[in-house]
Amino acid sequence: MLRFFNTLTRQQEEFHPLEDSKVRMYICGPTVWNFAHIGNFRTFVFGDILRRYLKYKGYDVTHVFNLTDIDDRIINEAAKRNITIDEFTAPYITYFWEDFDALGNERPEVTPRATHHIQEMIDIIAKLIANDHAYESEGSIYYRIAAFPEYGKLSKINFSGNITGGSERIDTDKYEKEDARDFALWKLVGEDEEPGWDAPFGRGRPGWHIECSAMSMKYLGETFDIHAGGMDLQFPHHENEIAQSEGATGKQFARYWIHSEFLKIDDVTMSKSKGNFFTFRDLREQGYSALAIRYLLLSVPTRKQLNFTFEGLQGAESTVERLRNFRQLVKEAKTGPGSDETIAAKITGAVVEFERSMDDDFNTAAALAAIHDLVREINTLMSGDRLLSDDRAAVLEAIKRFDSVLGIFGNEEAEILDTEIEALIDERNEARRNRNFARSDEIRDLLSEKGIILEDTKDGVRWKRK
Ligand code: AMP
Ligand code: ZN
């Protein structure tokens, strides 16, 4: 039974979706004003693990993951360059998906953009005005927190006094508001100012929080199962999403909330504004593999902070190399027929332990430990040629199961067996003897695509895996 910590109740809870076999989940995506850094990707890789594990458990998952393509930073940067916000965000959206895919994440079912959902935001704001949860002031529309007594139920912040924040993004234009805590739903924009959209309550542009209420409820319904995002979003972003959505519908919004802890560097939160960040591309350029970066990001359970170090990343590099080699060795191992009862039980035990760990608040560290224990056991057997063929099949099946959730063993289709490499090298030698250099180059390229490097030495051709 899957159990995890629900920020809303501050308890570990058994997970029961609204509909037996279906999970509806929403994860706040990136603001596409720059390259995402690996702190952002820690949260998004967790989102991927979450969706994959729910699928592993047999649920039919609808995962909505938005792109914030309008905010003050985007508007300012576009204005500086004298281009539209679409022109400004387009390349960052492309880069984002390139990095997201390269990190081995599965694409969510729905990836809506804020600027494509302005009408849905206007509709919610109109409802909130109609039921007195929102008001107009100097042309902008604000949420009236006094109309939502449950405000604070997610973050558990005590709102007696004039607390406005904890976030850089909170509105500071409080002089226009009835109450300092009230936040902007719709910001007044002049007739000839861009970007701006016409609404029954005046030309303007949306505040930040309303987009996630609009896009989540559009694709998942007014009440849905899981809402996740980074720790910093708990307040005010998620608190405000609840106020907007429940204020408009009168129904519970998300039932389970999961917040990922930060990736830190030298014990300081990695962030754009602090300048202490690495993008995925920075690390790739330094020669680290996407697989190692993914491994590092998921190696610590999401509710624990992860301190980024290059030693840690180097360690992850060796670990993924070991895992990849392990699968290869298992495929190529010399085996006798049948199965050994003790070994078969160990393999099943590793799968059970993997699931038990993931069921326990997505404890990826314990899940990885179960995998490494199995790898050690099987390596010992293989070194004495004692692995039997049915057990070999069971190990390969277990790896498939682990990797359907974690995605750390690398792409199997791209892999090539030692025997296949040697056959291609023989063919290349033959082609060269026949002065068929086109074919010989083709084979070298093919092997290179599969990560095999050839070295022509005086003793013949040597090969190694990249
Ligand atoms: P943003 O692009 O700023 O909207 O952030 C995208 C996501 O990354 C949000 O869910 C943030 O909470 C998350 N995030 C930002 N910095 C970090 C960090 N250092 N570690 C983990 N998650 C982060
Ligand atoms: Zn959001």
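Predicted model only: the values in this text are computed from it and were never measured. (Residues numbered from 1 in each chain as written. Chains lettered and ligands numbered in written order. Predicted model: local features only at pLDDT ≥ 70, side-chain atom pairs only at ≥ 80, totals over all residues. Heavy atoms only, no water.)

**Focus on the pairing of strand 1 (residues 3-6)**
In summary, the side chains of a regular strand alternate between the two faces of the sheet.
Point 1. The pairing of strand 1 with strand 2 (residues 11-14) spans four bridges and is antiparallel. Residue pairing for strand 2: Phe 4 is matched across the bridge by Glu 13.
Point 2. Between strand 1 and strand 2, which follow one another and run antiparallel, lie four residues, and Arg 10 among them has a positive phi close to 55 degrees. (Pairing = 2+ DSSP bridges. Helix = DSSP H or I, 4+ residues; strand = E, 2+ residues; numbered from the N terminus.)

**A short note on the confidence of the model for the chain**
Point 1. For the chain, the average pLDDT comes to 94, and 96% of its residues sit at 70 or higher.
Point 2. Of the regions scoring below 50 in pLDDT, residues 165-169 engages in eight contacts with residues more than four places distant in sequence or in other chains. (pLDDT = per-residue confidence, 0-100. Contact = heavy atoms within 4.5 Å.)

**Details of the coordination of the zinc ion (ligand 2)**
Point 1. Bound to the zinc ion (ligand 2) are the protein donor atoms Cys 28 (SG), Cys 212 (SG) and His 237 (NE2), situated 2.0 to 2.2 Å from the metal.
Point 2. The sequence pattern formed by the donor residues of the zinc ion (ligand 2) is C-x183-C-x24-H. Taken together, the residues Cys 28 in the loop between strand 3 (22-27) and helix 1 (38-56) and His 237 in helix 6 (residues 234-249) connect sequence positions 209 residues apart. Here Cys 28 matches His 237 in class, with each residue buried. (Donors = N, O, S within 2.8 Å, 3.2 Å for Na, K, Ca; no water. Buried < 20%, exposed > 50% of the residue type's maximum accessible area, 1.4 Å probe, protein only.)

**Thoughts on the domain arrangement of the chain**
How big an interface is tends to be reported as the loss of accessible area on association of its parts.
Point 1. Segmenting the chain into domains produces domain 1 (3-260), domain 2 (268-414) and domain 3 (418-465).
Point 2. Averaged C-alpha coordinates put domain 1 and domain 3 at centres separated by 53 Å. (Domains from an automatic or database assignment.)

**Brief notes about empty space enclosed by the protein**
Point 1. All told, the structure shown has one cavity of 30 Å³ or more when counted by the stated rule.
Point 2. What the largest cavity holds in volume is close to 60 Å³.
Point 3. As for the largest cavity, its lining consists of Arg 42, Val 45, Phe 46, Ile 49, Leu 297, Leu 298, Val 300, Pro 301, Thr 302 and Thr 364.
Point 4. Those elements giving two or more residues to the lining of the largest cavity turn out to be helix 1 and helix 8 (290-298). (1 Å grid on protein atoms, 1.4 Å probe; cavity = no way out; pocket = protein on both sides within 12 Å on 5 of 7 lines; lining within 4 Å. Points joined across faces, edges and corners; volume = space filled by probe spheres on them.)

**Observations concerning the sheet that holds strand 10 (residues 254-260)**
Point 1. Taking strand neighbours across the sheet as the criterion, the four strands line up as 4-3-9-10 in an open arrangement whose pairing is parallel. Only two strands of the sheet have a single partner each, and these edge strands are strand 4 (60-65) and strand 10. If you compare each strand with its neighbour and ignore which way they point, the axes differ by 20 degrees on average.
Point 2. Bridge count between strand 3 and strand 4: six bridges; the pairing is parallel. By the bridge assignment, Arg 24 is partnered in strand 4 with Thr 62.
Point 3. Across the sheet, helix 1 is in contact with strand 3, strand 4, strand 9 (224-230) and strand 10; its angle to strand 3 comes to roughly 175 degrees.
Point 4. Across the face of the sheet, helix 5 (residues 210-220) comes into contact with strand 3, strand 4 and strand 9 while running at roughly 160 degrees to strand 3. (Axes fitted to C-alpha atoms, helices over the stretch in contact; angles between N-to-C directions.)

**Side note on helix 5**
Point 1. Among the 11 residues of helix 5, nine are classified as buried, and the element is accordingly described as predominantly covered.
Point 2. Of all the positions in helix 5, only Ile 210, Glu 211, Cys 212, Ser 213, Ala 214, Met 215, Ser 216, Met 217 and Leu 220 are classed as buried.
Point 3. In the segment just after helix 5, Gly 221 is the residue with positive phi, at about 95 degrees.

**Side note on the pairing of strand 6 (residues 140-143)**
Point 1. Side chains of strand 6 alternate between two faces, with Ser 140 and Tyr 142 and Ile 141 and Tyr 143 buried alike.
Point 2. Sheet analysis places strand 5 (residues 134-137) next to strand 6, joined by four bridges and oriented antiparallel. Following the sheet pairing, Ser 137 is matched in strand 6 by Ser 140.
Point 3. In this structure, the hairpin formed by strand 5 and strand 6 is closed by a connection of two residues, where Glu 138 is found at a positive phi of approximately 50 degrees.
Point 4. Of the strand pairs in this sheet, strand 6 and strand 7 (residues 184-188) are connected by two bridges, and their pairing is antiparallel. Of the residues in strand 7, the one forming a bridge with Ile 141 is Trp 186.

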